[in-house]
Amino acid sequence: MKCIECGDELLAERAELGFEYCTKKECQAARHRGLTVTAIGVNKSADVYLVADQAEITRRGESGEFGKKNAGLGIDSCRPVVPPAPRHPPEPRTRPRPARPTRPAWTPQQARVVRLYHEMGLSPRQIVERARANTPRLGLTETLVVKILSSPR
Ligand SMILES: [Zn+2]
């Protein structure tokens, strides 16, 4: 779209509003024909601008077409609508992953028995055999015994 007065590029928003001319004073003055731009409260988030002559707007407004918000704006006060600058998506935070709390995968009872047997000089395999015989409910395995013994107290 080009301004029909000066030939300058017309803002897309302005063209969408129905203007054929730009916002320069000369072009405004040359093209001003008593049209009224009315902001119509169509919904809460965006106004729709209507370009029509005042009589038409009044008629349509009286028929309840526009809803409550029906403010007649002088055409010279209708500035081009500048879209908000595109927001860059926020940089992903380079935050170190929270270290998982190293919670032991065994119970204090298991650790106590394992360490006890270990101090008696038993190997992990022997510890498991002894534990199975004496405290089977602890469910000790050799892997777990090794883990317990290799963990700091
Ligand atoms: Zn112009």
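The notes below deal with the structure included here. Everything numeric in this text was worked out from a predicted model, so none of it was measured.

Parameters and conventions
Residues numbered from 1 in each chain as written. Predicted model: local features only at pLDDT ≥ 70, side-chain atom pairs only at ≥ 80, totals over all residues. Heavy atoms only, no water. Donors = N, O, S within 2.8 Å, 3.2 Å for Na, K, Ca; no water. Tetrahedral: all angles 85-135°; square planar, octahedral: opposite > 155°, others 65-115°. Buried < 20%, exposed > 50% of the residue type's maximum accessible area, 1.4 Å probe, protein only. Helix = DSSP H or I, 4+ residues; strand = E, 2+ residues; numbered from the N terminus. Arc of directions from axis to C-beta. Contact = heavy atoms within 4.5 Å. Axes fitted to C-alpha atoms, helices over the stretch in contact; angles between N-to-C directions. Parallel < 35°, antiparallel > 145°, perpendicular 65-115°, else oblique. Left-handed = near helix turned anticlockwise from the far one by under 90°. Nonpolar A, V, L, I, M, F, W, Y, C, P; charged D, E, K, R; others polar. Phe/Tyr/Trp six-rings, centres within 6.5 Å; stacked < 30°, edge-to-face > 60°. Lys NZ or Arg CZ within 6 Å of the ring centre and 35° of its normal. Core = buried A, V, L, I, M, F, W, Y, C linked by side-chain atoms within 4.5 Å. Salt bridge = Lys/Arg side-chain N within 4 Å of Asp/Glu carboxyl O.

### Structural notes on the coordination of the zinc ion
Move 1: Within the first shell, the zinc ion binds the protein through Cys-3 (SG), Cys-6 (SG), Cys-22 (SG) and Cys-27 (SG), at distances of 2.3 Å.
Move 2: Around the zinc ion, the 4 donor atoms are arranged such that angles at the metal cover 104 to 116 degrees; this shape is classified as tetrahedral.
Move 3: With a relative accessible area of 34%, Cys-6 lands in the partly exposed category.
Move 4: Take Cys-27: its relative accessible area is 3%, and that puts it in the buried class.

### Looking at helix H5 (residues 124–134)
Move 1: Taken as a whole, H5 has its buried residues at Ile-127, Val-128 and Ala-131. Along the axis of H5, the buried residues cluster in a sector spanning 100 degrees; they form a single face. Exposed positions of H5 whose direction lies more than 90 degrees from the buried face are Arg-125 and Ala-133.
Move 2: Each element contacted by the buried residues of H5 is listed here: helix H4 (108–119) and helix H6 (142–150).

### Notes on the packing of H4 against H5
Helices that pack against each other are described as a pair by the angle of their axes relative to one another and the distance between those axes.
Move 1: At a minimum axis distance of 10 Å, the contact between H4 and H5 shows a crossing angle of 125 degrees. Taken as axis vectors, H4 and H5 run oblique relative to one another. Helix-helix and strand crossings are classified by hand; for H4 and H5 the assignment is right-handed. Facing Val-113, Val-114, Tyr-117 and His-118 of H4, the residues of H5 in contact are Ile-127, Arg-130, Ala-131 and Asn-134.
Move 2: Considered class by class, the residues forming the contact of H4 with H5 number 5 nonpolar, 2 polar and 1 charged.

### Some remarks on the packing of aromatic side chains
Move 1: Going through the model one piece at a time under the given rule, you end up with 1 aromatic pair.
Move 2: Ring geometry for Phe-19 and Tyr-21: centres 5.6 Å apart, planes at 85 degrees, overall edge-to-face.
Move 3: When its relative accessible area of 3% is taken as the criterion, Phe-19 is described as buried.
Move 4: In this arrangement the basic side chain of Arg-14 is found over the ring face of Tyr-21, its NZ or CZ atom lying 5.2 Å from the centre.

### Notes on the packing of H5 against H6
Move 1: Look at H5 against H6: their axes get within 9 Å of each other, and the N-to-C directions meet at 115 degrees. Once H5 is placed against H6, the crossing between them reads as right-handed. Side by side, H5 and H6 meet where Pro-124, Arg-125, Ile-127 and Val-128 of the first sit next to Glu-142, Val-145, Val-146 and Leu-149 of the second.
Move 2: Class assignment for the residues of the contact of H5 with H6 results in 6 nonpolar, no polar and 2 charged.

### Considerations on the nonpolar core
Move 1: Counting residues in each nonpolar core, the largest one holds 14 residues, and the members touching the most others are Val-113, Val-114, Tyr-117, Ile-127, Leu-140, Val-145 and Ile-148.
Move 2: Of all elements in the fold, only H4, H5 and H6 reach the threshold of two or more residues within this core.
Move 3: The element best represented in this core is H4, accounting for 4 residues.
Move 4: Of all hydrophobic cores here, the second largest spans 7 residues; its members include Leu-10, Phe-19, Tyr-21 and Cys-27.

### As for the pattern of salt bridges
Move 1: Counted according to the given criterion, the structure contains 3 salt bridges.
Move 2: Linking Lys-2 and Glu-9 is a salt bridge whose minimum nitrogen-to-oxygen distance equals 3.5 Å.
Move 3: Residue Lys-2 is classed as partly exposed on the basis of its relative accessible area of 47%.
Move 4: Glu-9 gets classed as exposed once you look at its relative accessible area, which sits at 56%.
Move 5: Linking Lys-24 and Asp-8 is a salt bridge whose minimum nitrogen-to-oxygen distance equals 2.2 Å. Here Asp-8 lies in the segment before helix H1 (12–16) and Lys-24 lies in the loop between H1 and helix H2 (25–31), a separation of 16 residues in the sequence.
Move 6: A relative accessible area of 35% means that Asp-8 is categorised as partly exposed.

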